[in-house]
Amino acid sequence: MRPKVSPSATSKSVRRSGSVTVAVNGAPPLKTSGSHGSGGGGGPNLGGNGAGGGSGGAPGWTCTPGQPEPGAMDIPGNGKDDDCDGTVDNGAPLNCDSAITVIADNDPMHAAMAIGLCQVSDGVKWGVLEAKYVKADGAPAESAPPVDPRQHGLLPKFGANVNVQEGGRMLAISSGTARQPGDAGYEEVGGWDAISMGTAPAGFPIDSPSCPNVQTANDTKAWNPVALELKIKAPLNAKSFKFNFNFYTYEWPGYVCTKFNDFFVALQSPAPPSALQGNISFDTKSNPVSVNNGFLDVCDPTTGATNPGGKNFPCALGTPQLQGTGFETGAATGWLETVSPVSGGSEFTLRFAVWDMGDPVLDSSVLIDNFTWSTEGGDIPVTKPVPVPK
């Protein structure tokens, strides 16, 4: 058995016993008729009532003054009436997560609000069509053995130095407990088992080229998987969306380049061009985010210099973002931003998922926040560090 908190061990096996029954509150499906377009990538599908030059603020997008277009977003701060409803800059509400008062809020629609998706779609206007907690492969969270509701939480802060990036809450999902020390329901990241099982998403795991001697692609068992899955209708004048995330792992440094790995993926469907298995969040070498990824910059430089797993970790961001999180001897990416193309007016699915590889101990968590739409965008997904996080 791998020791409960041992970053230096190199092999492990764990036996499980007992069972857990949980009820995960799901939001009822909402009306999904009236889509103006389809597909995940490329430029905007103009649709709507727009024609010719008009008041719209996005290149290629217009609407007819006096004919409100609920499928379009009013772009904040541009001084224009982008949805032609007669009022300038009256977009979707901001900071809509202010009514969330507890970390253990199990409503997945509130999770969407916590990351910044404040508008619910009726199938005509843009926004969230459906939200639900699931396993990493999209299976129901209640399927046996079920997801423990402590694997997701809506946090106002994480540790001493990590703040929300918009509003008052951020989503955390974890192969352990999505909590920080001192929170009700917190369990140590070094040995707690949620007793949930599932299957990795289709096409995963993907072996890291930076760990050529580690072959895990045939191990599709997902230990303690959890995901938030959102069905979203994009604004007619959107070309891309953005979100921030921060991945924490207790598998570092002892299990770098081993079969014991934890993954975070953000799966977009329909997938945009070049998204490997639909994953739009990745490191500098296009690898899925894991203990082997190239963005683990929040860590102890002294430990990083010992070349864990044969890899050098400069740990450029040091350890402040680890303080008070429970991951003090682990590592994190720091805040990263993913930008992905979307067709204006299309309906698409976005699934944020995390799971453990090899066994259920030494947990990983991810924070997700600051989802926004953009009228600019390229053809492929991009992930990069947030220069100055809040």
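*Asks:* Requested: an account of the pattern of salt bridges, with residues and values cited.
*Replies:* Here the structure, examined in full by the defined rule, presents five salt bridges. The closest approach of N and O atoms between R150 and D148, which form a salt bridge, is 3.3 Å. Overall, the relative accessible area of 24% leaves R150 in the partly exposed class. We classify D148 as buried; its relative accessible area is 6%. Across the pair K231 and E347 runs a salt bridge whose closest N-O atoms are separated by 3.9 Å.

*Asks:* Account for the packing of aromatic side chains, naming residues and giving values.
*Replies:* Enumeration according to the criterion identifies 18 aromatic pairs in this entry. Look at F241 and F348: their rings are 5.3 Å apart centre to centre, the planes differ by 15°, and that puts the pair in the stacked class. Of this pair, F241 sits in strand β8 (residues 240-249) while F348 sits in strand β13 (residues 347-356), placing them 107 residues apart in sequence. Classification of F348 by relative accessible area gives buried; the value is 1%. Centre to centre, the rings of F243 and F245 are 6.3 Å apart; their planes meet at 45°, and the pair counts as tilted. Take F243 and F245: they sit in the same class, and that class is buried. Put simply, the rings of W126, F241, F243, F245, F264, F348, F352, F371 and W373 touch in pairs and so form one group of aromatic residues.

*Asks:* Could you give me a rundown of the nonpolar core, with the residues and numbers involved?
*Replies:* One finds F352, I368 and W373 to be the most contacted residues of the largest nonpolar core, which totals 47 residues. At the level of elements, α1 (108-114), β1 (127-134), β5 (170-174), β7 (221-233), β8, β9 (262-269), β13 and β14 (364-374) are the ones that each hand at least two residues to this core. No other element matches the five residues that α1 contributes to this core. Setting aside residues no more than four positions away along its own chain, I368 makes contact with I115, M170, L171, I173, F243, N244, F245, F264 and F352.

*Asks:* Explain empty space enclosed by the protein residue by residue, including any values.
*Replies:* Over the atoms rolls a probe the size of a water molecule, and its path tells where empty space is left. A complete count under the given rule lists one cavity of 30 Å³ or more for this structure. Looking at the largest cavity, its volume works out to about 100 Å³. Considering the residues around the largest cavity, the lining is formed by 13 residues, among which I206, D207, S208, N261 and N292 are closest to the centre. Looking at the lining of the largest cavity residue by residue, the classes come out as five nonpolar, seven polar and one charged.

*Asks:* Could you give me a rundown of the confidence of the model for the protein, with the residues and numbers involved?
*Replies:* When pLDDT is averaged along the protein, the result is 85, and 85% of the positions lie at 70 or above. Low pLDDT, under 50, characterises residues 3-58; the predicted model gives this stretch 160 contacts beyond four residues in sequence or across chains.

*Asks:* Go over the state of the cysteines with me, naming the residues and quoting the values.
*Replies:* In this structure the tally under the stated criterion is four disulfides. Through a disulfide, C63 is tied to C84; the S-S separation comes to 1.9 Å. For the disulfide bridge between C63 and C84, the dihedral angle about the S-S bond is near 95°, and by the sign convention the bridge is right-handed. With C63 in the segment before α1 and C84 in the segment before α1, this residue pair connects regions lying 21 residues apart in the sequence. By relative accessible area, which is 2% here, C84 ends up buried. The side chain of C96 participates in a disulfide bridge whose partner is C118; the two sulfur atoms lie 2.1 Å from each other. Its S-S torsion of approximately -85° makes the covalent link between C96 and C118 left-handed. Of this pair, C96 sits in the segment before α1 while C118 sits in the loop between α1 and β1, and the two are 22 residues apart along the sequence.

*Asks:* So what's going on with the layout of surface pockets? Which residues, and what values?
*Replies:* Taken as a whole, the largest pocket holds about 510 Å³ of empty space. P76, L94, G116, F371 and T372 are the residues nearest the centre of the largest pocket, which is lined by 23 residues in total. Here the lining of the largest pocket is composed, by residue class, of 11 nonpolar, nine polar and three charged.

*Asks:* How would you sum up the side chain of S208? Please name residues and give values.
*Replies:* With respect to the secondary-structure elements, S208 resides in the loop between β6 (197-199) and β7. Accessibility expressed as a relative area gives 12% for S208, which makes it buried. Contact partners of S208, with chain neighbours within four places excluded, come to N287 and N292.

*Asks:* Before we move on, could you go through the pairing of strand β12 (residues 336-341) and cite the residues and values that matter?
*Replies:* Extensive coverage of β12 is indicated by the burial of six of its six residues. The two faces of β12 match: L336, T338 and S340 on one face and E337, V339 and P341 on the other face are all buried. Here β8 pairs with β12 via six bridges, running antiparallel. Bridge pairing links F243 to T338 in β12. Pairing analysis gives four bridges linking β12 to strand β15 (residues 382-385), with the strands arranged antiparallel. Note on β15: the bridge partner recorded for E337 is K384.

*Asks:* Describe the pairing of β9, with residues and values.
*Replies:* For β9, a buried count of seven out of eight residues is recorded, marking the element as mostly surrounded by other parts of the structure. Examined bridge by bridge, β9 and β13 share eight bridges and lie antiparallel to one another. Bridge pairing in β13 links A266 to F352.

Rules used throughout
- Residues numbered from 1 in each chain as written.
- Predicted model: local features only at pLDDT ≥ 70, side-chain atom pairs only at ≥ 80, totals over all residues.
- Heavy atoms only, no water.
- Salt bridge = Lys/Arg side-chain N within 4 Å of Asp/Glu carboxyl O.
- Buried < 20%, exposed > 50% of the residue type's maximum accessible area, 1.4 Å probe, protein only.
- Phe/Tyr/Trp six-rings, centres within 6.5 Å; stacked < 30°, edge-to-face > 60°.
- Helix = DSSP H or I, 4+ residues; strand = E, 2+ residues; numbered from the N terminus.
- Core = buried A, V, L, I, M, F, W, Y, C linked by side-chain atoms within 4.5 Å.
- Contact = heavy atoms within 4.5 Å.
- 1 Å grid on protein atoms, 1.4 Å probe; cavity = no way out; pocket = protein on both sides within 12 Å on 5 of 7 lines; lining within 4 Å.
- Points joined across faces, edges and corners; volume = space filled by probe spheres on them.
- Nonpolar A, V, L, I, M, F, W, Y, C, P; charged D, E, K, R; others polar.
- pLDDT = per-residue confidence, 0-100.
- Disulfide = S-S within 2.5 Å.
- Pairing = 2+ DSSP bridges.

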